[in-house]
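Reading the structure
What follows is each chain in one-letter form.
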Amino acid sequence: MACLNIDKRVSGLDDMEKQTCTLDGTVDRHGCPAIRGRTGTWFAGILILVNQGLATLAFFGVGVNLVLFLTRVIGQDNAAAANSVSKWTGTVYIFSLLGAFLSDSYLGRYKTCALFQAIFVLGLVSLSLSSYIFLVKPTGCGDEQTPCASHSTFQLALFYLSIYLVALGNGGYQPNIATFGADQFDGEDPVEGQSKVAFFSYFYLALNLGSLFSNTFLSYFEDDGLWALGFWASAGSATLALGLFLVGTPRYRHFTPKGNPLSRFCQVAIAAARKWKAEMPPDHEELYEGDEEGGSKDKGRKILYTDGFKFLDRAAIITSKDYSLQTKAFVDPWRLCPVTQVEEVKCILRLLPIWLCTILYSVVFTQMASLFVEQGAAMKTTISGFHIPPATMSSFDILSVAFFIFLYRRVLGPLVARLRKPTSRAGLTELERMGTGLVIAVLAMFAAGTVEHFRLKRELKNCANCEGSSSLSIFWQVPQYVLIGASEVFMYVGQLEFFNGQAPDGLKSFGSALCMTSISLGNYVSSLLVTIVMKISAKDEMPGWIPGNLNRGHLDRFYFLLAALTTADFVIYIGCARWYKYVKFEGNTVDKNGSSENDLRV
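Each chain has its residues counted from 1, following the order in which its sequence is written. Confidence filtering applies because this is a predicted model: local features only for residues at pLDDT of at least 70, side-chain atom pairs given and counted only at 80 or more, and all residues used for totals across whole chains, interfaces and linings. Excluded from the side-chain calculation are hydrogens and water; included are all heavy atoms of the structure.

**Considerations on the overall build of the chain**
For the purposes of this entry, the term helix denotes a DSSP run of H or I that reaches at least four residues, the term strand denotes a run of E that reaches at least two, and both are numbered from the N terminus. Check the secondary structure of the chain and you find 19 helices and 4 strands. Classification of residues uses two cut-offs on accessible area relative to the type maximum, computed with a 1.4 Å probe and protein chains only: under 20% is buried, over 50% is exposed, and between them is partly exposed. The buried share among the 602 residues of the chain stands at 56%. By the convention used here, residues are in contact when the closest approach between their heavy atoms is within 4.5 Å. In the chain, once contacts between residues fewer than 6 apart in sequence are set aside, the share between residues at least 24 apart is 80%. We get accessible surface area from the Shrake-Rupley algorithm with a probe of 1.4 Å; when it comes to residues, only the shown protein chains can shield them. A total accessible area of about 25,600 Å² is found for the chain, and carbon and sulfur atoms account for 65% of it.

This is the structure in structure tokens:
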């Protein structure tokens, strides 16, 4: 009834007042056209940014010290703990595909975010209880001096169930909250369109500021053996985040789910296969454009035809079998698909090579939560008698992210835009920023390898209580953390904008999930790479490059290996970026960066 009343009220407005509705097709919570002044914009956007900050605090309250929890409390060695963290983090982002599928197909982004945040809270409460009751025994164990008792199979099973509930909740929530936040800004409006671009930078900044608290205060608690207290703080933060998210319910804008994308993709493939002998028309304008009267609004904006993957164009060829004389309509979607549906498939196929090239960057990124921490633990961690937990060094990464976001938005972006042709208004394009992130990642690995080289030279050999340590200060890790933070601003913010902007209207959450899944596969590849390196390098008397005692290994060689692999990945990325063609929507034949074709200038 609320929607009917609003419809009647809107129908009575004059033309000027009707234009206060959003132009991108968003609706309010009643399913009615969203009124610009009453929904969305920065009121809803700020609530989502605060929600993201609190949820990130909760997540990293577990994730940032998980490698130390596994070694000190669960009893795993360094290599096993690094692999466990990589697999767990990878699973977090694999679940992002599940969340994106449910959001785009059935539930919508609001319901999906609320559901997975509730699961996230449940997992954190379960982890807090299991740690307090079972795992951290005797009380205070799990610091650097006091070992914990062994654990039963049931206790370990409850622990792993809890952390994977956390993975499910956070993974399903992450891609949808980013896209849901962007939904609050009308991309068809010039002012809100600029706010939408800015939102992704502030979103990533909120993510990092949220983790700052967990990387500092919570890390100190957990490093001193107060693991249960740290986990309870995370659970409280996640609960507050969920509450704030629900508070904004009346003001949110929504896109309605577009249905199962898998069936649409299969329809294109089967229709094209059925017509593999059909003759292509000389002009692409003769291809089937879909129902001109209806349907397009429900399915999103029309996508203009592009060259490439011409075998898929056969799905849009009109033949005599496709038209029903009785109903005077095109009937079988498994025989005939509109150009927009074909272009959706082309769009995803074009995104895949770019996406694959970002996976190796995520291998570099994941070292910050595993090997960087282990490297820091083997360095001098005291200054003037004050102990610095190795995990807190990631604070420099967060500060670097904040600094470089400000630097790019206020200095580098406008400077590049002025140096380029007048039609380029956005500075470096998303693809160029992602390429820059790869270059900086190479420098970060060289810095980490160099620090490890000098750490080994200054190992403490005649110290009974400090085996595996070095006299080199942990603050020599600052450059590698700062470089990783700078690379994140160019790579991950660029990724969020790129995949969200290039995904079709019915696959926006999937676009954000591609970014998350890149991180996921990067963690799995990291785990695989560590395993392979250990098997090859551990021969005879040699313990391998990454043993429990890093002073007996060569972690520096592993970092240099990653630098070489990332360099090769960058070369491949340049080719993929030059080949990529931007998606073009009806009424917007030039992409938002002023380039109608390739978006990477070399």
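Having seen it, we continue.
**Brief notes about the side chain of S400**
Tracing the backbone through its elements, the reader meets S400 in helix 15 (residues 395–419). Taking the relative accessible area as the measure of exposure, S400 reaches 5% and is therefore buried. Among the polar contacts made by the side chain of S400, one reaches the main-chain carbonyl oxygen of V482 at a distance of 2.7 Å. Those residues in contact with S400 that sit more than four places away from it in its chain are V482, G485 and A486. Contacts described as polar in this section are N or O atom pairs within 3.5 Å, which, within protein, must combine one atom able to donate a hydrogen with one able to accept it, while residues neighboring in sequence count only if both atoms come from side chains.

**Quick word on helix 18 (residues 508–537)**
Each helix should span, by expectation, one fewer than its residue count multiplied by 1.5 Å. Across its 30 residues, helix 18 extends 43 Å between first and last C-alpha, which sits within 8% of the 44 Å expected from 1.5 Å per residue. Two axes enter the bend calculation: one fitted to the seven residues ending at the residue in question, the other to the seven starting there, and the bend is the angle between them. At C515, helix 18 is bent by approximately 25 degrees, the largest bend along its length. The buried fraction of helix 18 amounts to 21 of the 30 residues, a majority that puts the element mostly inside the structure.

**Here we look at the environment of I354**
Note on placement: I354 falls in helix 13 (residues 339–366). Through-space distance from the C-alpha of I354 to that of I574 is 9.4 Å; in sequence the pair is 220 residues apart. Each residue touching I354, except ones within four places of it in the same chain, is listed here: L431, M434, F498, Y573, C576, A577 and Y580.

**So, the nonpolar core**
Counting residues in hydrophobic clusters, the biggest one holds 122 residues, and the most contacted among them are F69, W88, F159, I354, L431, F498 and F558. Excluding residues that lie within four positions of it along the chain, F558 makes contacts with Q367, L371, L529, V530, V533, W545 and I546. Counting 13 residues, the second largest nonpolar core, distinct from the first, contains A272, L287, V342 and V345. Nonpolar cores are built from buried Ala, Val, Leu, Ile, Met, Phe, Trp, Tyr and Cys residues. Side-chain atoms within 4.5 Å join them into one set.

**Regarding helix 4 (residues 66–74)**
Across the 9 residues that make up helix 4, a large majority, 8, are buried. All buried positions along helix 4 are accounted for by L66, V67, L68, F69, L70, R72, V73 and I74. Following helix 4 by one or two positions, G75 adopts a phi angle in the positive range, close to 95 degrees.

**As for the pattern of salt bridges**
The salt bridge definition used is simple: a Lys or Arg side-chain nitrogen within 4 Å of an Asp or Glu carboxyl oxygen. For the structure on display, the rule yields 11 salt bridges. Between D307 and K310 there is a salt bridge, and its shortest N-O distance comes to 3.5 Å. Taking the relative accessible area as the measure of exposure, D307 reaches 41% and is therefore partly exposed. Here R455 and E452 are joined by a salt bridge, their closest N and O atoms 2.9 Å apart. One end of the pair is R455 and the other is E452, both in helix 16 (residues 430–457) and 3 residues apart, which spans about a single turn. Here the two residues R455 and E452 agree in accessibility, since each one is buried. One salt-bridge network, in which partners are shared between bridges, spans R36, D186, E192 and R253.

**Brief notes about a negative patch on the surface**
On the surface, a cluster of negative charge is contributed by D283, E285, E286, E289 and E586. If you trace the backbone, E285 turns up in the loop between helix 10 (261–274) and helix 11 (296–299). The patch calculation keeps residues exceeding 30% relative accessible area without a salt bridge and links them within 9 Å when they carry like charges or within 5 Å when they are nonpolar (Val, Leu, Ile, Met, Phe, Trp, Tyr). When charges are counted, neither His nor the chain ends are considered; positive counts come from Lys and Arg and negative counts from Asp and Glu. Lys charges are placed at NZ, Arg charges at CZ, Asp charges at CG and Glu charges at CD.

**Topic: the packing of helix 13 against helix 17 (residues 478–502)**
Every angle, taken between N-to-C directions, lies between 0 and 180 degrees, and every axis is a line fitted to C-alpha atoms, over only the stretch in contact when it is a helix. Axis separation between helix 13 and helix 17 bottoms out at 12 Å; the angle between their running directions is 160 degrees. Overall, the two elements helix 13 and helix 17 adopt an arrangement that is roughly antiparallel. Note that helix 13 runs across helix 17; the crossing there is left-handed. In contact with C347, L351, I354, W355, T358, Y361, S362, V364 and F365 of helix 13, helix 17 contributes I484, S487, E488, M491, Y492, Q495, F498, F499 and Q502. All residues other than Ala, Val, Leu, Ile, Met, Phe, Trp, Tyr, Cys, Pro, Asp, Glu, Lys and Arg, Gly among them, are scored as polar; the first ten of these are nonpolar and the last four charged. Grouping the amino acids of the contact of helix 13 with helix 17 by side-chain chemistry returns 12 nonpolar, 5 polar and 1 charged. In what follows, roughly perpendicular refers to angles from 65 to 115 degrees, roughly parallel to angles under 35, roughly antiparallel to angles over 145, and oblique to any angle outside these ranges. In this scheme the handedness of a crossing depends on how the near helix is turned from the far one: anticlockwise by less than a right angle means left-handed, clockwise means right-handed.

**Some words on empty space enclosed by the protein**
Using a grid of 1 Å spacing that covers the protein atoms alone, one calls a set of points a cavity when a 1.4 Å probe fits there but cannot get out, and a pocket when the set is open and has protein on both sides within 12 Å along at least five of seven lines; lining residues are those with an atom within 4 Å of a point. Grid points are joined across faces, edges and corners, and a volume is the space filled by probe spheres set on the points. Evaluated as defined, the whole model comprises 3 cavities of 30 Å³ or more. Approximately 540 Å³ is the volume found for the largest cavity. Considering the residues around the largest cavity, the lining is formed by 32 residues, among which F59, F60, Y93, L207 and F365 are closest to the centre. Looking at the lining of the largest cavity, the elements that each hand over two or more residues are helix 3 (41–63), helix 5 (78–107), helix 7 (153–183), helix 8 (190–223), helix 13, helix 15, helix 17 and helix 18. For the lining of the largest cavity, the leading source of residues is helix 8, giving 6 residues. Classifying every residue of the lining of the largest cavity by side-chain character gives 19 nonpolar, 11 polar and 2 charged. By volume, the second largest cavity is sized at about 60 Å³. Taken together, S103, D104, G108, R109, F255, T256, P257, K258, D505 and G506 make up the lining of the second largest cavity.

**Points about the environment of H254**
Tracing the backbone shows H254 in the loop between helix 9 (227–247) and helix 10. Separated by 71 residues in sequence, H254 and D183 place their C-alpha atoms 6.8 Å apart. Not counting chain neighbours up to four residues away, the residues in contact with H254 comprise G25, T26, V27, D28, R29, Y110 and F180.

**Some points on the packing of aromatic side chains**
In this analysis, rings of Phe, Tyr and Trp, with Trp reduced to its six-membered ring, are considered paired at centre separations within 6.5 Å, and the interplanar angle assigns stacked below 30 degrees, edge-to-face beyond 60, and tilted for intermediate values. Evaluated as defined, the whole model comprises 35 aromatic pairs. Judged by centre distance (5.4 Å) and plane angle (25 degrees), the ring pair of F69 and F159 falls under stacked. Here F69 is found in helix 4, whereas its partner F159 is found in helix 7, with 90 residues between them in sequence. Ring geometry for Y204 and Y492: centres 6.3 Å apart, planes at 45 degrees, overall tilted.

**Notes on the confidence of the model for the chain**
On a range of 0 to 100, pLDDT expresses the predictor's confidence in each residue. With 88% of its residues at a pLDDT of 70 or more, the chain has an overall mean of 82. Averaged pLDDT values over the elements of the chain bottom out at 44 in helix 2 (residues 15–18) and peak at 94 in helix 19 (residues 555–579). Low confidence marks residues 293–298, where pLDDT is under 50. Its contacts with residues over four positions away, or in another chain, come to 5 contacts. Note on residues 588–602: pLDDT is under 50 here. Beyond four places in sequence and across chains, it has 43 contacts.

**Here's the deal with unusual backbone geometry**
The phi angle at T41 is positive, at roughly 55 degrees, despite the residue not being glycine. Examined against the element boundaries, T41 turns out to sit in helix 3. Exposure remark for T41: the relative accessible area of 24% places this residue in the partly exposed category. With a phi angle near 50 degrees, F309 is a residue other than glycine that sits in the positive phi range. The residue F309 is located in the loop between helix 11 and helix 12 (310–313) in this model.

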